[in-house]
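Listed here are the chains, written in short residue letters.
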Amino acid sequence: MSECIFCKIIAKLIPAKIIFEDDEILAFYDVNPKAEVHFMIIPKTHIESMLLLQNNHQQLMGKIILKANELAISLGLKSGYKVQINTGVNGGQEVFHLHVHVLGYKG
Ligand code: 5GP
Ligand code: ZN
């Protein structure tokens, strides 16, 4: 098992408040929320960051974005939300397993 903390969450070796999962993606709440609602969606395959995306990730990334919108709406962010993908050292990324942040306030 890799030392990647998000891979450990996927493997259920570390607990997380999971919102949604299927065979390709996992959505869970950020442990240190920066908004009323703050969750992340990750691919189950270990991709370090956006910097390493390939053409064959097109379907996966599209699925993550559509799921981000679906979950945001279902969690009450009906008036909008922010999507953030910190990428690489200069992008402020701290966990090197690609993740899409969704942040917002209900209402
Ligand atoms: P980054 O700065 O890499 O885009 O964001 C990493 C995010 O992962 C941070 O917002 C941080 O709070 C969150 N995080 C780090 N470790 C854990 C963890 O063990 N569980 C959960 N749920 N979130 C984590
Ligand atoms: Zn990983």
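Residues numbered from 1 in each chain as written. Chains lettered and ligands numbered in written order. Predicted model: local features only at pLDDT ≥ 70, side-chain atom pairs only at ≥ 80, totals over all residues. Heavy atoms only, no water.

Enquirer: Explanation requested: the overall build of the protein in the structure shown.
Expert: Summing up its helical and strand segments, the protein has two helices and five strands in all. Relative to the 2.2 N^0.38 estimate, which gives 13 Å for 107 residues, the radius of gyration of the protein is 13 Å and therefore close to what a compact globule would have. If you line up the protein on its principal axes, its C-alpha atoms span 40 × 30 × 30 Å. Of all 107 residues assigned to the protein, the portion counted as buried reaches 38%. (Helix = DSSP H or I, 4+ residues; strand = E, 2+ residues; numbered from the N terminus. Rg over C-alpha atoms; globule rule 2.2 N^0.38 Å. Buried < 20%, exposed > 50% of the residue type's maximum accessible area, 1.4 Å probe, protein only.)

Enquirer: For this particular structure, what's the right way to read the packing of aromatic side chains?
Expert: One pass over the full model with this rule turns up one aromatic pair. Relative to F28, the ring of F6 has its centre 5.3 Å away and its plane inclined at 80°; by these criteria the two rings are edge-to-face. Pair noted here: F6 is in helix α1 (residues 5–10) and F28 is in strand β2 (residues 25–29), with a separation of 22 residues, a long-range link. Judged by relative accessible area, F6 falls into the buried class, the value being 6%. (Phe/Tyr/Trp six-rings, centres within 6.5 Å; stacked < 30°, edge-to-face > 60°.)

Enquirer: Mind showing me how you'd approach the sheet that holds β2 here?
Expert: Hydrogen bonds between backbone groups are what pair the strands of a sheet, and the pairing can be parallel or antiparallel. The strand order across the open sheet formed by five strands is β1-β2-β3-β5-β4, and the pairing between neighbours is antiparallel. Of all the strands in the sheet, just β1 (18–21) and β4 (82–84) have a single pairing partner and so form its edges. Adjacent strand axes in the sheet meet at a mean angle of 20° when their direction is disregarded. Bridge count for β2 against strand β3 (residues 37–43) is five bridges, and the pairing is antiparallel. Directly across from L26, in β3, lies its bridge partner I42. Seen against the sheet, helix α2 (residues 58–74) touches β1, β2, β3 and β5 (100–104) and runs at an angle of roughly 160° to β3. (Pairing = 2+ DSSP bridges. Axes fitted to C-alpha atoms, helices over the stretch in contact; angles between N-to-C directions. Contact = heavy atoms within 4.5 Å.)

Enquirer: Any chance you could explain the pattern of salt bridges here in plain terms?
Expert: Two side chains carrying opposite charge are able to pair once their charged atoms lie near each other. On inspection of all chains with the given rule, the structure shows six salt bridges. The partner of K63 in a salt bridge is E24, with the nearest N and O atoms 2.5 Å apart. Separated by 39 residues along the polypeptide, K63 in helix α2 and E24 in the loop between β1 and β2 bring together distant segments of the chain. For K63, a relative accessible area of 21% gives the class partly exposed. Overall, the relative accessible area of 27% leaves E24 in the partly exposed class. Connected via shared salt-bridge partners are K12, E21 and K44. (Salt bridge = Lys/Arg side-chain N within 4 Å of Asp/Glu carboxyl O.)

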